[in-house]
Amino acid sequence: MFKSGYVALIGKPNVGKSTFLNLMLGEKLSIVTSKPQTTRTPIKGILTGDNYQIIFIDTPGIHESLKKLNQIMLSSIKSTIEDADVCLIIADSPNNNYIKNYEDSLLKKNTILLINTADKLTKEQIDAIKAEFLIIDPKKTIVTSLTIDNPKEETLNAILDELKEGPKYYVEDEISTHSVRFIASELIRETLIENLAEELPYYVAVVIDEFKERSENLTYIKAIIYTEKDSQKAIVIGQNGAMLKKIGSIARKKIEDLLGTKVYLELWVKVKKGWTKNEKLIKELLNS
Ligand SMILES: Nc1nc2c(ncn2[C@@H]2O[C@H](COP(=O)(O)OP(=O)(O)OP(=O)(O)O)[C@@H](O)[C@H]2O)c(=O)[nH]1
Ligand SMILES: [Mg+2]
């Protein structure tokens, strides 16, 4: 029997959802940083085996902010849960009150609870997390540490137990529906998050303006980094352009690994006044 289905990855910011996706796919598809709220748009990753196909949807972390950008990021999560066949919830600490807001949708689904960073948790904390999720009645609970234990087989089997017979939606070698262009813009954003202090990463967006294969071994990419204010633009550029140069050189190497060619990366910084507060601009910058 061939099994297939959609698996939504749900959890608070920074619990390891994107780390999990990359582990399952064996590829870096979703960006990962040590800071919360890294993932902004749902990222689809496809894992195909001899008798199964799983489509993972990596979502932005659930949190309780009222800011416009955050609300737009969250609005997609409920529908992702509703469209999924299985929900895999990742938690790395107690206090998962958000779950109450999704209880009705989650109770209709088969759910798996993955307790991550077990290396850092006490037995009491693990028991507290398990108790919090009793209300959604998980089919299975896995206690692990994604970066240490490599729980790929165990989670894969748990997911396959919950999936039903279904079609092969995508061809075998397709691991994502996202373009390399989009993934390249995410790698630039990941580099910005890693190198900019404090809150600033939340006010930047990256849009690829040109993406051209100049030859078999050289790709030319022009990307625009948008900030909300002139003062933020100045920080991204840095003194004598030092910060932008550093971002460019780190991001270029990541994109070269992705594409397998040399990359000529040109970065521009522009101001789009108040973009994180304007629904139309948010949609434009997040989806281009
Ligand atoms: N110590 C430890 N760190 C981990 C583990 N799993 C993930 N991390 C780290 O936790 C951080 C967050 O991981 P992400 O995968 O970006 O988390 P996320 O849930 O996708 O976060 P958002 O996209 O912001 O919602 C990264 O620095 C990971 O390397 C683990 O098992 N142990
Ligand atoms: Mg993420």
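Preceding this section is the structure that the text describes.
Scoring rules and cut-offs
- Residues numbered from 1 in each chain as written.
- Chains lettered and ligands numbered in written order.
- Predicted model: local features only at pLDDT ≥ 70, side-chain atom pairs only at ≥ 80, totals over all residues.
- Heavy atoms only, no water.
- Pairing = 2+ DSSP bridges.
- Helix = DSSP H or I, 4+ residues; strand = E, 2+ residues; numbered from the N terminus.
- Axes fitted to C-alpha atoms, helices over the stretch in contact; angles between N-to-C directions.
- Contact = heavy atoms within 4.5 Å.
- Buried < 20%, exposed > 50% of the residue type's maximum accessible area, 1.4 Å probe, protein only.
- Arc of directions from axis to C-beta.
- Polar contact = N/O pair within 3.5 Å; in protein donor to acceptor, adjacent residues only side chain to side chain.
- Parallel < 35°, antiparallel > 145°, perpendicular 65-115°, else oblique.
- Nonpolar A, V, L, I, M, F, W, Y, C, P; charged D, E, K, R; others polar.
- 1 Å grid on protein atoms, 1.4 Å probe; cavity = no way out; pocket = protein on both sides within 12 Å on 5 of 7 lines; lining within 4 Å.
- Points joined across faces, edges and corners; volume = space filled by probe spheres on them.
- Salt bridge = Lys/Arg side-chain N within 4 Å of Asp/Glu carboxyl O.

Q: Explain the sheet that holds strand S9 (residues 262-271) to me, please; I cannot follow it from the model alone.
A: Strand pairing within a sheet occurs via backbone hydrogen bonds; the two strands may be parallel or antiparallel. With respect to topology, 3 strands assemble into an open sheet ordered S7-S8-S9, the strand pairing being mixed. The two strands at the open ends of the sheet, each matched to only one other strand, are strand S7 (205-215) and S9. Direction aside, the axes of adjacent strands within the sheet are offset by 15 degrees on average. Sitting on the sheet, helix H7 (residues 180-195) touches S7, strand S8 (218-227) and S9, and the angle it makes with S7 is about 125 degrees.

Q: Looking at this structure, I do not really get helix H10 (residues 279-286). What am I missing?
A: What sets the pattern is the α-helix's 3.6 residues per turn: residues three or four places apart point alike. Considered for burial, the residues of H10 that qualify are Leu281, Ile282, Leu285 and Leu286. The buried side chains of H10 occupy one side of the element, clustering within an arc of 120 degrees when seen end-on. Considering only its buried residues, H10 is in contact with helix H2 (68-83), S7 and S8. A distance of 2.9 Å separates the backbone nitrogen of Lys280 from a side-chain oxygen at the start of H10, and that oxygen is part of Asn278.

Q: Help me out: how do you make sense of the packing of helix H1 (residues 17-25) against helix H6 (residues 152-162) in this one?
A: Between two packed helices, what matters for the description is the angle formed by their axes and the separation of those axes. In the contact formed by H1 and H6, the axes pass within 10 Å of each other and the chain directions differ by 95 degrees. If you check the angle between H1 and H6, you find them roughly perpendicular. Packed against H1, whose contacting residues are Phe20, Leu23 and Met24, the element H6 presents Lys152, Thr155 and Leu156 at the interface. Broken down by class, the residue content of the contact of H1 with H6 amounts to 4 nonpolar, 1 polar and 1 charged.

Q: Can you walk me through the layout of surface pockets in this structure?
A: A water-sized probe rolled over the atoms picks out the places where empty space is left. If you add up the space inside the largest pocket, you get close to 400 Å³. The wall of the largest pocket is formed by 27 residues, among which Asn14, Val15, Gly16, Thr19 and Thr33 lie closest to the centre. For the lining of the largest pocket, the elements supplying multiple residues, two or more each, are H1 and helix H5 (146-149). Taken together, the residues that form the lining of the largest pocket break down as 7 nonpolar, 15 polar and 5 charged.

Q: What is the right way to read the pattern of salt bridges from this model?
A: Opposite charge on two side chains permits pairing when their charged atoms draw close. Using the criterion set out here, one finds 14 salt bridges in the structure. Linking Lys123 and Asp127 is a salt bridge whose minimum nitrogen-to-oxygen distance equals 2.8 Å. Of this pair, Lys123 and Asp127 both sit in helix H4 (residues 123-132), separated by 4 residues, roughly a single helical turn. For Lys123, a relative accessible area of 59% translates into the label exposed. Residue Asp127 is classed as partly exposed on the basis of its relative accessible area, which comes to 34%.

Q: Honestly, empty space enclosed by the protein in this entry has me stumped. Any pointers?
A: Here the structure, examined in full by the defined rule, presents 1 cavity of 30 Å³ or more. Quantified by volume, the largest cavity comes out at close to 100 Å³. Glu186, Arg189, Val206, Leu285 and Leu286 are the residues nearest the centre of the largest cavity, which is lined by 11 residues in total. Mapped by element, the contributors of at least two residues to the lining of the largest cavity are H7, S7 and H10. Here the lining of the largest cavity gets 4 residues from one element, more than from any other, and that element is H7.

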